[in-house]
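Understanding the architecture of this molecule
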Amino acid sequence: DTAVSQTPKYLVTQMGNDKSIKCEQNLGHDTMYWYKQDSKKFLKIMFSYNNKELIINETVPNRFSPKSPDKAHLNLHINSLELGDSAVYFCASSQEGGADNEKLFFGSGTQLSVL
Amino acid sequence: LAKTTQPISMDSYEGQEVNITCSHNNIATNDYITWYQQFPSQGPRFIIQGYKTKVTNEVASLFIPADRKSSTLSLPRVSLSDTAVYYCLVGDVYSGGYQKVTFGTGTKLQVIP
């Protein structure tokens, strides 16, 4: 069983569309994250949720809206997609979120291409 | 906030030991040092973590000097499958006490046959 799974793996869409990426973890972790990796391979944190509550919200456009229906799921909805949104989006989870020795477990990524 | 500096890329022949050094001059007392490995088209994978001295697991060793201002990831006898990007991270506390795990540029290791 995959510990952190995200769908879809590939997403190709037109500018202006709205799309969602889903993430689920079966590790029993309390904290989940969304990271964005751009074409230069920089990996940047976008959001973090702990037990369904938003705890980290980096400078991300309002078009990005995370939703956590329960602590095992963290979905990412993107409105009015732009060319610059093209990237690989990674979901991750960690046991607590506040420990000094936090370890993250990542999904395999969603390659988003906006045409 | 502690930041890390590591070489952008390294090449190594198969069978050699590879050492990747990371500088973190502003590391805080509570910060752990964590290394992740990322293969192409995959998410980063935790490989090793330490606080001081030496840590060894089935994948790698991590050497941390007494001042903790740097650390060295050691990969014994690398193979082609070790070609990946290796990230060195230290803690980065966000408001409210939650960790904001921040990735740097990483070191792209290319293993050559």
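Everything in this summary refers to the structure shown in the same document.

Conventions and cut-offs
- Residues numbered from 1 in each chain as written.
- Chains lettered and ligands numbered in written order.
- Predicted model: local features only at pLDDT ≥ 70, side-chain atom pairs only at ≥ 80, totals over all residues.
- Heavy atoms only, no water.
- Pairing = 2+ DSSP bridges.
- Helix = DSSP H or I, 4+ residues; strand = E, 2+ residues; numbered from the N terminus.
- Axes fitted to C-alpha atoms, helices over the stretch in contact; angles between N-to-C directions.
- Contact = heavy atoms within 4.5 Å.
- Buried area = accessible area lost by both parts, 1.4 Å probe.
- Salt bridge = Lys/Arg side-chain N within 4 Å of Asp/Glu carboxyl O.
- Polar contact = N/O pair within 3.5 Å; in protein donor to acceptor, adjacent residues only side chain to side chain.
- Nonpolar A, V, L, I, M, F, W, Y, C, P; charged D, E, K, R; others polar.
- Disulfide = S-S within 2.5 Å.
- Buried < 20%, exposed > 50% of the residue type's maximum accessible area, 1.4 Å probe, protein only.

**Re the sheet that holds strand β8 (residues 84-90) of chain B**
Residue and element names in this part refer to chain B.
- An order of β1-β9-β8-β3-β4 is seen for the five strands of this open sheet, with the pairing classed as mixed. Sheet topology places β1 (9-13) and β4 (45-50) at the edges, where each strand pairs with a single neighbour. The sheet shows a mean angle of 25° between the axes of neighbouring strands, taken without regard to direction.
- Bridge count for strand β3 (residues 33-38) against β8 is six bridges, and the pairing is antiparallel. If you follow I33 over to β8, its bridge partner there is V90.

**Overview of the interface of chain A and chain B**
- Listed by partner, the interface residues are 26 residues for chain A and 20 residues for chain B.
- When chain A packs against chain B, close to 2000 Å² is buried across both sides, 56% of that on carbon and sulfur atoms.
- Considering only the surface of chain A that becomes buried against chain B, L43, D100 and K103 of chain A emerge as the three largest contributors, covering 25% of it.
- Counting the contacts that link chain A with chain B gives zero salt bridges.
- For the pair chain A and chain B, the interface holds four residue pairs in polar contact (both at pLDDT 80 or more).
- Elements represented by at least two residues in the side of chain A that touches chain B include exactly β4 (31-37), β5 (43-50) and β6 (53-57) of chain A.
- For the side of chain A that touches chain B, the residue count by class is 11 nonpolar, eight polar and seven charged.

**A closer look at the state of the cysteines**
- This structure, assessed with the given rule, holds two disulfides over all chains.
- A sulfur-sulfur distance of 1.8 Å marks the disulfide that ties C23 of chain A to C91 of chain A. The chirality of the disulfide connecting C23 of chain A with C91 of chain A is left-handed, given an S-S dihedral of about -80°. One end of the pair, C23 of chain A, is in strand β3 (residues 19-25); the other, C91 of chain A, is in strand β9 (residues 87-94), and 68 residues separate them in sequence.
- Owing to a relative accessible area of 0%, C91 of chain A belongs among the buried residues under this scheme.
- What pairs with C22 of chain B in a disulfide is C88 of chain B, and their sulfur atoms sit 2.1 Å apart.

**Here we look at the pattern of salt bridges**
Residues and elements named next belong to chain A.
- Going through the model one piece at a time under the given rule, you end up with three salt bridges over all chains.
- Residues E82 and R63 are paired through a salt bridge, measuring 3.5 Å at the closest nitrogen-oxygen approach. A residue pair is termed long-range when its members are at least 10 positions apart, and E82 in the loop between β8 (73-78) and β9 and R63 in the loop between β6 and β7 (64-70) qualify at 19 residues.
- What makes R63 buried here is its relative accessible area of 16%.
- Several salt bridges share partner residues, and in doing so they unite R63, E82 and D85 into one network.

**Let's talk about the pairing of β9 of chain A**
Residues and elements named next belong to chain A.
- A large share of β9 lies buried, amounting to eight of its eight residues.
- Here β9 shows two buried faces, one formed by A87, Y89, C91 and S93 and the other by V88, F90, A92 and S94.
- Of the pairings in the sheet, the one linking β4 to β9 comprises seven bridges and is antiparallel in character. Looking at the pairing, Y35 lines up with F90 of β9.
- In the sheet, β9 pairs with strand β10 (residues 105-106) via two bridges, with the strands oriented antiparallel. Considered in β10, the bridge of A92 is made with F106.

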